[in-house]
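Working through the structure, step by step
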Amino acid sequence: MDDQGCPRCKTTKYRNPSLKLMVNVCGHTLCESCVEMLFVRGSGNCVQCNTPLRKSNFRVQLFEDPAIDKEVEIRKKVLKIYNKRELDFSTLKEYNDYLEQVEDIVFNLTNNIDVERTKQIMEQYQRDNKDIIQKNKAKLTREQEELEELLLQEQQDSEQKRLETLQEEQRQLQTKRKNKQALLDELESSRLPAAVLLAQHKDRAVQLETQIEKQKQNVKPANIFSTGIMMGQTVSFASVSRVEEVLYVYQPLCIDAYGPPVPELDQLGRLGYLNHVCTASPQDQAGGYTSGLACHRAIQDAFSGLFTL
Amino acid sequence: MKLNIDGLLVYFPYEYIYPEQYSYMLELKRTLDAKGHGVLEMPSGTGKTICLLSLIVAYQKAYPLEVTKLVYCSRTVPEIEKVVEELRKLMDYYAKQTEAKNDFLALALSSRKNLCIHPEVSALRFGKEVDGKCHSLTASYIRAQHRSNPSQPVCQFYEEFDAVGRQVPIPPGIYNLNDLKDFGRRKGWCPYFLARYAILHANIVVYSYHYLLDPKIADLVSKELAKKSVVVFDEAHNIDNVCIDSMSVNITRRTLDRCQTNVETLQNTISRIKETDAAKLQEEYRRLVEGLKEANVARETDMYLSNPVLPDDILQEAVPGSIRTAEHFVGFMKRFLEYLKARLRIHHVVQESTPQFLKDIYEKVCIDRKPLRFCAERLRSLLRTLEIADITDFSAITLISHFATLVSTYSKGFTIIIEPFEDRTPTIANPVLHFSCMDPSIAIKPVFGRFQSVIITSGTLSPLDIYPRILDFRPVTVASFTMTLARTCLCPLIVGRGNDQVAMTSKFETREDFAVIRNYGNLLLEMSAIVPDGIVAFFTSYIYMENIVASWYEQGILENIQRNKLIFIETQDAAETSMALEKYQEACENGRGAILLSVARGKVSEGIDFVHHYGRAVIMFGVPYVYTQSRILKARLEYLRDQFQIRENDFLTFDAMRHAAQCVGRAIRGKTDYGLMIFADKRYARADKRGKLPRWIQEHLTDGSLNLTIDETVQLGKQFLRQMAQPFRQEDQLGLSLLTLEQLQSEDMLQKIAQIAQQA
């Protein structure tokens, strides 16, 4: 990279880091100062291939290989004319043939093969397809549309995230300020000793902190697993703290179903209810499901409300 | 012994069984019954491998239609060999018990480097060279040339295999890599291709993760494995990183330069062939026009290059017209290459998404997305047509084409980061383009989709719920098993302070602190005085280790330590490290005692076991967080947060703790083994860190051992070591942590076993 240099004055990038190489339509390089010197009049011939050039056509060389610069220049020009889209063709094969034709033209123009004839073909094509070219000028290809869409979405997402964090921060700041103001007010008006008030304030501040922490943890679950299962529950890794109080005593729920008594779950099989229920597959059973469960529920459903009041 | 696991007759090749093994098999059986995926954690040294093998083999024998194949994936070649040895034991036991002729075929598969028996090729040192040389002897066009011109060298082993090897199936039995080689030598067949062919009808295949996870290899090797296979990933605690690595590409300036020469070679070859044999290019062109896949050339030897994207994502279309002819394609590659070069010429860091990259590339050099997607496919076809024998040189252009295909195929889950220099040396220009995958679920998704049961297992998978989340799958069983012990043979201690009450931590702010370094030194010194034989110490990084050791040297601590034990150091050089390891073991062996200073995430922490006296104590200096300033990591954390709702801190802690657990787990490799586990950082005492250690370590971490000073540690350690040094016979274990068949079948033991598996 450092050994790149101007072929005329032999300056290299290594010796002059601010060296700017320029390239024109013929694909030969010159440094900026040489261009200024040789093309004072605005036009002249290329030092290497004698092609007549205009000064205004000199571009900064983007790539290491000036031939690429030239090719890209030509390609952009050609693509302006050959701007048919995939939809303009009836089959993929035709479209591919068309693409290859475009590629051929670019190839010929870059490598100086049959330049005259190729140019003729291009002009011919331009004349023939004036309407389509006009029409397609503004249209993007389907792929580009997709890309644009993705980019837009990305932008929106990041914007939204930024706003959210900003709002969150502001809210926190506000609550903190409010808390401080409340302390000052209390110190002013309350009859309690200051130490107590300060302690209270400290407590409140700690609570606030933990609240904020908690809010941070509650990231909104906006996504689902690939299997389509919502990722509803946020999982916390901390062990569950032990609660010290009287143990809860379970009292079975008593529901009046207004209907005939439903047989117990474990009796279903014996009474023959399960004979016509499809049996559970091993997959279902791995999760603890039995066919009795569904049957029991169905019977409950069916029996409830059979006695009208 | 013969076991009855949930109605399945399992032959277990040992006289005794651990209760947790029984429980593990129960859980495994349920997973197989349900045809779902499972995540199982069981401490290392409790015989996971034999459990997996004996249960799945029994299952295969009992329900040959339900499970046709076991694919056992492990990490390294020694581990693969270990699995095969266990399997051999199991099969011998089967043969002895049933006295039926064994009809099981099990084999290990590895790279050409480990399997080649060609005298010249196998002498080469690097895997890539072996692959390239093999290709240059076995490619279909080379063999075609050989037919017309017998002086063209070919590999006689492959020729022999191709001629007869396919018709004659390999006799049933257990083959490790050496057995395959021996068999190959005897028959004169190429063992590598024999193994690749034989895995299609083998009952058990043992190979490395990459053969299943890396799409570049999986497409060649594992394409035709049946759906009714059970896939086991052993030692899978790092599986997410393997997935990510298999889809990521790093491009440096050197890659591009080498690619440039590749392109030039291609161009020259094309123009030469055009003059001599234009028909060949014509033929390829015709095929591409008609969109024909290379159906006629499904020859295994030519399939050297393969598509880097997942099979479902390969476009099944004809190659687009713009890169159909060879010249156009070379021009296309040139433009792409120059574009990349221009991108690497920046002076500041750039991070962008794939759509941004694609848009920019269209604007700068008019390259569409579609031809990019076909880049890898097209290059493969071209290299085949040009009949380039030595593929090794073309690794650079292959890499670039993989990058092109990947970047244009995936719009989500990937990021592009261009760094003009390394963070440590901002004055030296060394531009790198990282195309990094951030979502491990992308690479592993086809595996979960394709096979009916995938088992992920390791000694350290805690917290268990994070793996299903980052790999994005629904397991039917998630379980962690603890070690039942007749005596508490592990003693985890968290040292938080030095004797001077200065907190010990590798936190960034205090890691350079004189007092912290001195306290770490004192800890090691004190331990070296009381621990017999070997001590392994882990640091958080190489740089940190160097700093500390230098400072210890200045303070004279090293000298004091060397009075008690010899000191060995792990370095980044693999040969040096293995030398140090060897000497370390020698010093432990002859009673001199030694200390090995090594690095978490290094080679020692991952693959080397310190059984018995090789590791009586492990000291973990600091919490082994990853380098959090790395941009790739930051991007990945952000992605995890947005996509999977995993907070940065949770993931970082999870990652640090799994490595810490890996390190300290090196010392305990069985129930007769014992060792101290010293966590030297006060942050380990916090609930969020401690809670992420595996359950089998957490269980023994009492409140009394959470925030110790150095002399307290010494007291506890002394007591523990003295206790453990008492004779310990097998009879002491029987009935508690080691069961005979009768004991296993007793009622209260079964009840106890039911409690071992804790569903997470």
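In this text, all values refer to a predicted model and were calculated from it rather than measured experimentally.

This next bit is on the domain arrangement of chain B. Residues and elements named next belong to chain B. Once the domains are mapped, chain B shows domain 1 (247-439) and domain 2 (490-727). The gap between the C-alpha centroids of domain 1 and domain 2 is 44 Å. With 13 residues of domain 1 at the interface, the matching set in domain 2 holds 9 residues. Here domain 1 and domain 2 share an interface that buries about 970 Å² over both sides, 59% of which is from carbon and sulfur atoms. Interface area lost by domain 1 to domain 2 is led by Asp423, Met438 and Asp439, which between them contribute 45%. The tally of links between domain 1 and domain 2 comes to 1 salt bridge. Between Arg631 and Glu419 there is a salt bridge, and its shortest N-O distance comes to 2.6 Å.

When the UniProt feature table is mapped to this numbering, "domain: RING-type" (unreviewed entry) covers residues 6-50 of chain A. The span residues 6-50 of chain A shows a helical share of 16% and a strand share of 20%, and its end C-alpha atoms are spaced 17 Å apart.

Before going further, it helps to examine the UniProt feature "domain: Helicase ATP-binding" (unreviewed entry) in chain B. UniProt's feature table lists "domain: Helicase ATP-binding" (unreviewed entry) at residues 7-285 of chain B, given in the numbering used throughout. End C-alpha atoms of residues 7-285 of chain B are separated by 61 Å, and the span's content is 57% helix alongside 13% strand.

Our next topic: empty space enclosed by the protein. All names here are of chain B. Using the criterion set out here, one finds 7 cavities of 30 Å³ or more in the structure. In this structure, the largest cavity spans a volume of roughly 120 Å³. Those elements that place two or more of their residues in the lining of the largest cavity are helix 5 (127-138), helix 7 (156-165) and helix 9 (191-198). Considering every element that reaches the lining of the largest cavity, the biggest residue donor is helix 5, with 4 residues. Its residues assigned to classes, the lining of the largest cavity comprises 13 nonpolar, 2 polar and 1 charged.

Residues and elements named next belong to chain A. Taken together, Met37, Leu38 and Val47 make up a surface patch of nonpolar side chains, about 270 Å² in accessible area. Mapped onto the secondary structure, Leu38 falls in helix 1 (residues 32-38). Overall, Leu38 belongs to the partly exposed group, its relative accessible area being 35%.

Soluble, globular proteins show a tendency: their nonpolar side chains are buried together. All names here are of chain B. Formed by 184 residues in total, the largest nonpolar core has its most connected members in Tyr207, Phe233, Leu266, Leu340 and Phe403. Sequence-distant contacts of Leu266, that is, excluding residues within four places in its chain, are made with Val330, Leu379, Leu382, Leu383, Leu386, Ile388, Phe394 and Ile397. Among the nonpolar cores identified, the runner-up in size contains 79 residues, and Val531, Phe538, Leu581 and Ile608 belong to it.

Here the focus is the pairing of strand 18 (residues 594-599) of chain B. Residues and elements named next belong to chain B. Within strand 18, 6 of the 6 residues are buried, which leaves it mostly tucked inside the rest of the structure. Burial along strand 18 is two-sided: Ala594, Leu596 and Ser598 and Ile595, Leu597 and Val599, pointing in opposite directions, are all buried. Summarising the sheet, strand 16 (residues 534-539) and strand 18 pair through 6 bridges and their orientation is parallel. In the sheet register, Phe538 faces strand 18, and the bridge partner there is Ser598.

In a beta sheet, neighbouring strands are held together by backbone hydrogen bonds and run either parallel or antiparallel to one another. Residue and element names in this part refer to chain B. The 4 strands are arranged 9-12-11-10 in an open sheet whose pairing can be described as antiparallel. Each edge of the open sheet carries a strand with a single partner, namely strand 9 (249-252) and strand 10 (350-352). Strand-to-strand twist across the sheet, computed as the mean angle between neighbouring axes with direction ignored, equals 10 degrees. Taken together, the 6 bridges between strand 11 (residues 414-419) and strand 12 (residues 432-437) define a ladder with antiparallel strand orientation.

Rules of the game
- Residues numbered from 1 in each chain as written.
- Chains lettered and ligands numbered in written order.
- Predicted model: local features only at pLDDT ≥ 70, side-chain atom pairs only at ≥ 80, totals over all residues.
- Heavy atoms only, no water.
- Domains from an automatic or database assignment.
- Contact = heavy atoms within 4.5 Å.
- Buried area = accessible area lost by both parts, 1.4 Å probe.
- Salt bridge = Lys/Arg side-chain N within 4 Å of Asp/Glu carboxyl O.
- UniProt positions renumbered as here; feature names shortened; annotations may be inferred.
- Helix = DSSP H or I, 4+ residues; strand = E, 2+ residues; numbered from the N terminus.
- 1 Å grid on protein atoms, 1.4 Å probe; cavity = no way out; pocket = protein on both sides within 12 Å on 5 of 7 lines; lining within 4 Å.
- Points joined across faces, edges and corners; volume = space filled by probe spheres on them.
- Nonpolar A, V, L, I, M, F, W, Y, C, P; charged D, E, K, R; others polar.
- Patch = residues over 30% accessible without salt bridge, like charges linked within 9 Å, V, L, I, M, F, W, Y side chains within 5 Å.
- Areas by Shrake-Rupley, 256 points an atom, 1.4 Å probe, with all protein chains shown as cover.
- Buried < 20%, exposed > 50% of the residue type's maximum accessible area, 1.4 Å probe, protein only.
- Core = buried A, V, L, I, M, F, W, Y, C linked by side-chain atoms within 4.5 Å.
- Pairing = 2+ DSSP bridges.
- Axes fitted to C-alpha atoms, helices over the stretch in contact; angles between N-to-C directions.

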